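Tertiary structure, described
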Amino acid sequence: MSIGVVGFFAPYLGVLLYARYGIGWSWPEAQIAGISLSTTSVAVVYAVMIETGFNKSELGKIILAACFVNDLGTVLALGIVFAHYDLWLAFFGAVTAGALWLLPRFAPWFFGKVGHRVSEPETKFVALVLLGLGGMATVAGSEAVLPAYLVGMALAPAFLADPELPHRMRIIAFTILTPFYFLKAGSLVEFHAVVAAAGLIIVFLAIKMATKFIGILPLIRKFRFDPREGMYTTLLMSTGLTFGTISALFGLTNHIIDQRQYTILVTAVIGSAVVPSLIAQRWFQPAFKPIAAALEATPQAAPQG
């Protein structure tokens, strides 16, 4: 957990201070920059874990858990810093709290009743909850990704009990929703701004990676990671994509940053999705043994009698 917490705060503060005092962005603009580049890409890391089989190793589970905590900090920061503190937000908070309390109790019963049918009632139910809470978040001036993240946590036990359901939802997200979202996010990027601000983009990317290393490497040494595993973990924690672009798009949509600043941040975020993961996979990927295989290889104690 501490790796995830530091993985959020180190780049958030580093990028925020540079944007505010290094290049003179306003405080809200600097906050959007800090939040956008504080992320770790669960999507990128999860894909790497699945494709390499690291999700079945103890190290892979540690990395995924740290990424989850890191992005939870990003989501909470975006929802708290720029929320409109009024009655709508209070109503949204009350409804969200009620939904998070009810879902772990109601969802397993509902899924058991409807079963696996062609009409996909379980998927429709989850989509209804997400759209409802996401719409309320938008009305309240918050970000729809916050209730989605919290609903995912609340429904985790139900998803574990029925692995086919999250698999179907993942298919929908990656084949339909994600491409359209990134088409929208990419269409707002100005190519001439990328060229003109290439140096600043590289600086933002460097600050993100440097602060991640400064914050995470001491913890890696404290927890006595193997040096290769420690570098691999830190590099994957330096990635970013989905929540970074969501934060930048939130800033542009709410007129906190302009299109040039949006272009700079999104390009730096995309760079953080590519550069650290390529370095990690090419030069620091450690050998591993799946947890089940490791347990089988461990000598069992002789029975006492």
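The notes below deal with the structure included here. (Residues numbered from 1 in each chain as written. Predicted model: local features only at pLDDT ≥ 70, side-chain atom pairs only at ≥ 80, totals over all residues. Heavy atoms only, no water.)

Points about the overall build of the protein chain
Broken down by element type, the protein chain carries 15 helices and zero strands. Overall, the protein chain is about 75 × 50 × 30 Å in size when its C-alpha atoms are taken along their principal axes. By the burial criterion, 46% of the 305 residues in the protein chain qualify as buried. In the protein chain, of all internal contacts separated by at least 6 residues, the share reaching a separation of at least 24 is 78%. For the protein chain, the exposed area adds up to about 15500 Å²; of that, 71% sits on carbon and sulfur atoms. Of the charged side chains in the protein chain, 19 are positive and 15 negative; the average position of the first set lies 5 Å away from that of the second. (Helix = DSSP H or I, 4+ residues; strand = E, 2+ residues; numbered from the N terminus. Buried < 20%, exposed > 50% of the residue type's maximum accessible area, 1.4 Å probe, protein only. Contact = heavy atoms within 4.5 Å. Areas by Shrake-Rupley, 256 points an atom, 1.4 Å probe, with all protein chains shown as cover. Lys, Arg positive; Asp, Glu negative; His and termini not counted. Charge placed at Lys NZ, Arg CZ, Asp CG, Glu CD.)

Some details on the packing of helix H2 (residues 27-36) against helix H14 (residues 259-283)
The axes of two packed helices give the description: the angle between them and the distance between them. Running from amino to carboxyl end, H2 crosses H14 at an angle of 15°, the nearest separation of the two axes being 10 Å. On the basis of their axis angle, the class for H2 and H14 is roughly parallel. Remark: the crossing between H2 and H14 carries right-handed chirality. Between H2 and H14, the residues in contact are Glu29, Ile32, Ala33 and Ser36 and Gln261, Leu265 and Val269, respectively. For the contact of H2 with H14, the residue count by class is four nonpolar, two polar and one charged. (Axes fitted to C-alpha atoms, helices over the stretch in contact; angles between N-to-C directions. Parallel < 35°, antiparallel > 145°, perpendicular 65-115°, else oblique. Left-handed = near helix turned anticlockwise from the far one by under 90°. Nonpolar A, V, L, I, M, F, W, Y, C, P; charged D, E, K, R; others polar.)

Section: the nonpolar core
Of all hydrophobic cores here, the largest spans 32 residues; its most connected members are Ile32, Phe204, Tyr262 and Leu265. Elements that contribute at least two residues to this core include exactly helix H1 (2-22), H2, helix H4 (58-81), helix H11 (198-222), helix H13 (242-253) and H14. With six residues, the single largest contributor to this core is H14. Beyond its immediate stretch of four places on either side in the chain, Tyr262 contacts Ala185, Leu188, Val189, Ala248, Leu249, Leu252 and Ile257. Residues Ile3, Ile63, Ala66 and Leu236 belong to the second largest nonpolar core, which totals 25 residues. (Core = buried A, V, L, I, M, F, W, Y, C linked by side-chain atoms within 4.5 Å.)

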